Amino acid sequence: MRIARFSIDGNVGFGVVEGNELDVIKGHPFAEFERSGQKVPLDKIRLLPPTLPNKIVAIGRNYAEHAAELGNEVPDAPVTFFKPSTSVVGPGDPIAYPSFSQEVHHEAELAVVIGRMCREVPRERVKDVILGYTCANDVTARDVQKREKQWARAKGFDSSCPLGPWIETELDPSDLTIQCTVNGEQRQLGRTSQMVRPIEDLIVHITEAMTLLPGDVVLTGTPAGVGPLNVGDEVAVTIEGIGTLTNKVIKRG
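Residues numbered from 1 in each chain as written. Predicted model: local features only at pLDDT ≥ 70, side-chain atom pairs only at ≥ 80, totals over all residues. Heavy atoms only, no water.

Asks: Is there a simple way to explain the sheet that holds strand E18 (residues 227-229) in this structure?
Replies: As a general point, the strands of a sheet are linked pairwise by backbone hydrogen bonds and lie either parallel or antiparallel. The 3 strands are arranged E13-E10-E18 in an open sheet whose pairing can be described as antiparallel. Lying at the two open borders of the sheet, with one neighbouring strand each, are strand E13 (140-141) and E18. Both strand E10 (residues 104-106) and E13 contribute to a ladder of 2 bridges, which runs antiparallel. Bridge assignment links Val 104 to a residue of E13, and that residue is Ala 141. (Pairing = 2+ DSSP bridges. Helix = DSSP H or I, 4+ residues; strand = E, 2+ residues; numbered from the N terminus.)

Shown next, in the form of structure tokens:
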């Protein structure tokens, strides 16, 4: 099932995407819901970020080739960092090039959307706390990341976390193609099976320390091939079984 968050005529809601239509649901997808039977063509609505997370917990260096391309070793334990809720934008929304950086990179990632409040989740129960999966772009000010010893500004600036186009709830995430194109040219191509640590291990590791809330997002790392974005570029993240998230880079006003 593909669950989208959308806006139409100033109203915001959730719906189930089927083909070229969206069936509006009553309520929200983080609890039991019913379909309303009210169907709207996708070309008549604006797709929004599929979730508004309280927090985004991201994992660094979870693909060995990506760690190597930036001159890093695979860490002994997952590298975790936060992106704030204000970094989230949706499909078709602009990525505003930050004024404090001269080197912004794309990072295509599989995003996990949490479906229920959870803490200290055992490995065998991880699937029970996941609502589904979506595409993400962990946009990074690489020069700032290198210059500053922590990553808050480099990875947390406004519009640095595009998410979308929707949440796919029925998906085996263990071996999916993940790719990124810039202006139609392929930059990244990998498979989720190349993750150093699988999703189950990441959720266990994170929830040992903190409570995850419904709608929170876990970014699972990026494959090799990260590279620069410039004003005017169109960047697209495509994940097998989910779809494509496309955003254009603009000058920050």
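From this point, the narrative continues.
Asks: What am I meant to see in the pairing of strand E3 (residues 21-26) here?
Replies: The two faces of the sheet receive side chains in turn, since in a regular strand these alternate between them. Pairing geometry for strand E2 (residues 11-18) and E3, over 4 bridges, is antiparallel. The residue bridging Val 16 from the neighbouring strand is Asp 23, located in E3. Linking E2 to E3, which pair antiparallel, is a turn of 2 residues; within it Gly 19 sits at a positive phi near 65°. Both E3 and strand E4 (residues 34-41) contribute to a ladder of 5 bridges, which runs antiparallel.

Asks: Help me understand the packing of aromatic side chains in this model?
Replies: With the rule as written, the count across this model stands at 3 aromatic pairs. An angle of 90° between the planes, with centres 6.5 Å apart, marks the rings of Phe 14 and Phe 30 as edge-to-face. Of the two residues, Phe 14 is situated in strand E2 and Phe 30 in the loop between E3 and E4; the sequence distance between them amounts to 16 residues. For Phe 14, a relative accessible area of 14% corresponds to the buried category. Pairing Phe 100 with Phe 157 gives two aromatic rings, centres 6.2 Å apart and planes at 80°, and the pair type is edge-to-face. Of the two residues, Phe 100 is situated in the loop between strand E9 (95-97) and E10 and Phe 157 in the loop between helix H3 (152-156) and strand E14 (161-168); the sequence distance between them amounts to 57 residues. Look at Phe 100 and you get partly exposed, because its relative accessible area is 25%. On the basis of relative accessibility, which here comes to 5%, the residue Phe 157 falls in the buried class. When the ring centre of Phe 100 is taken as reference, the NZ or CZ atom of Arg 153 above it lies at 4.6 Å. (Phe/Tyr/Trp six-rings, centres within 6.5 Å; stacked < 30°, edge-to-face > 60°. Buried < 20%, exposed > 50% of the residue type's maximum accessible area, 1.4 Å probe, protein only. Lys NZ or Arg CZ within 6 Å of the ring centre and 35° of its normal.)

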